[in-house]
Structure formats: structure tokens, C-alpha cells
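Here's the letter readout for the chains.
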Amino acid sequence: MDEMTFLIDPDTRDLVFDDDGSFKKIYETDTIVQNVRHALITWKNEFFADDEHGTDYDRTMGVNQNELDDDEVREVIREAVFQEPYVSRVEKIDVTYENRNITVQLLAVLMDEEKITLEVTA
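Criteria and cut-off values
- Residues numbered from 1 in each chain as written.
- Predicted model: local features only at pLDDT ≥ 70, side-chain atom pairs only at ≥ 80, totals over all residues.
- Heavy atoms only, no water.
- pLDDT = per-residue confidence, 0-100.
- Helix = DSSP H or I, 4+ residues; strand = E, 2+ residues; numbered from the N terminus.
- Buried < 20%, exposed > 50% of the residue type's maximum accessible area, 1.4 Å probe, protein only.
- Pairing = 2+ DSSP bridges.
- Patch = residues over 30% accessible without salt bridge, like charges linked within 9 Å, V, L, I, M, F, W, Y side chains within 5 Å.
- Areas by Shrake-Rupley, 256 points an atom, 1.4 Å probe, with all protein chains shown as cover.
- Salt bridge = Lys/Arg side-chain N within 4 Å of Asp/Glu carboxyl O.
- Phe/Tyr/Trp six-rings, centres within 6.5 Å; stacked < 30°, edge-to-face > 60°.

Take the confidence of the model for the protein next. Per-residue confidence for the protein averages 90 on the pLDDT scale, and 96% of its residues sit at or above 70. Of all helices and strands in the protein, the one with the weakest mean pLDDT is helix α2 (residues 70–81) (91), whereas strand β2 (residues 25–27) scores best (95).

This is the structure:
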């Protein structure tokens, strides 16, 4: 695995610069975690150049909470996570709702058996 990308601040979603004014880079597992995070915080069809990237929140948000199927929510999350080809399996998904936000806590295993955890709010 020779993954590298530019670091994007998880709060501001801006590129991060190092002390020399160059783009800060991240590698390997950090790249994969960032890719998964971005798939989860991006609504499917949000980015005009790639209508497949992101999470299909239209299937879960704006739906009466009492009628929402937990299995459907987990499937929507899994579909987004597996956009990252280095993810082998998802071991745990916890979802909570507050106001108009959804928070996902995730435990996934990569192809090399390394485990990653992350939490995102969309």
C-alpha cells in the first residue's frame, strides 16, 4: 500500500500547509481514514464531477425517525465506506441522530488487517 494524499483539516475541510508553506501530506492508513471520512461527510451527488462519491443520505435523512430501518441506515453507511478499496470489512457501525445531524461511529478492518476507527457527523 503506497497511499499518499494532501491533508485536509477535518473541521474546516481546508488544505493544511506545513511551516514551509507547502501542502502537508499524509500517507498509508491516514490517507485511507481521510478518504473514508470524506465519503461519509459528502452527500452522494454533492460533487458535480462524481455522482457516485459520497453517502446516499437521501435514503435516511428526512425520513420519520420512527419509520427508519436501522439495517437500511447501516447499509447506506457500508456502501459509502466501501468506496475506499482498501477497506476489507466493517465490524461495527453505531449511528445517533441529533436535530438534523447524523453521527456515525465506525470500526473497519483494512486489507492488511489493520483496524481503523473514526467518528463523523454529517
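Next comes the rest of the description.
So, on to the pairing of strand β5 (residues 115–121). Here β5 shows a buried face lined by Ile 116, Leu 118 and Val 120 and an unburied face lined by Lys 115, Thr 117, Glu 119 and Thr 121. Looking at chain direction, strand β4 (residues 101–110) and β5 are connected through seven bridges and run antiparallel. Its bridge partner being in β5, Leu 107 is matched across the sheet by Thr 117.

Glancing now at a nonpolar patch on the surface. A cluster of nonpolar side chains, contributed by Phe 6, Leu 15, Phe 17 and Phe 23, occupies part of the molecular surface with about 370 Å² of accessible area. Mapped onto the elements, Phe 6 comes out in strand β1 (residues 4–6). Judged by its relative accessible area of 35%, Phe 6 is partly exposed.

Right, let's talk about the pattern of salt bridges for a bit. Close approach of charged atoms lets side chains of opposite charge pair. What the rule picks out here adds up to nine salt bridges. A salt bridge links Glu 52 to Lys 44; the shortest N-O distance between them is 3.7 Å. Linking Arg 59 and Asp 56 is a salt bridge whose minimum nitrogen-to-oxygen distance equals 3.9 Å. Accessibility expressed as a relative area gives 22% for Asp 56, which makes it partly exposed. Put simply, Asp 56, Arg 59, Glu 72 and Glu 79 are held in one network by salt bridges that share partners.

Counted under the stated rule, the structure contains four aromatic pairs. Where Phe 6 meets Phe 23, the ring centres are 4.9 Å apart and the plane angle is 50°; that geometry is what we call tilted. Placement of the pair is Phe 6 in strand β1 and Phe 23 in the loop between β1 and β2, with a sequence separation of 17 residues. Residues Phe 17 and Phe 23 carry aromatic rings whose centres are separated by 5.1 Å and whose planes lie at 25° to one another, so their mutual orientation is stacked. The class for Phe 23 is partly exposed, based on a relative accessible area of 36%.

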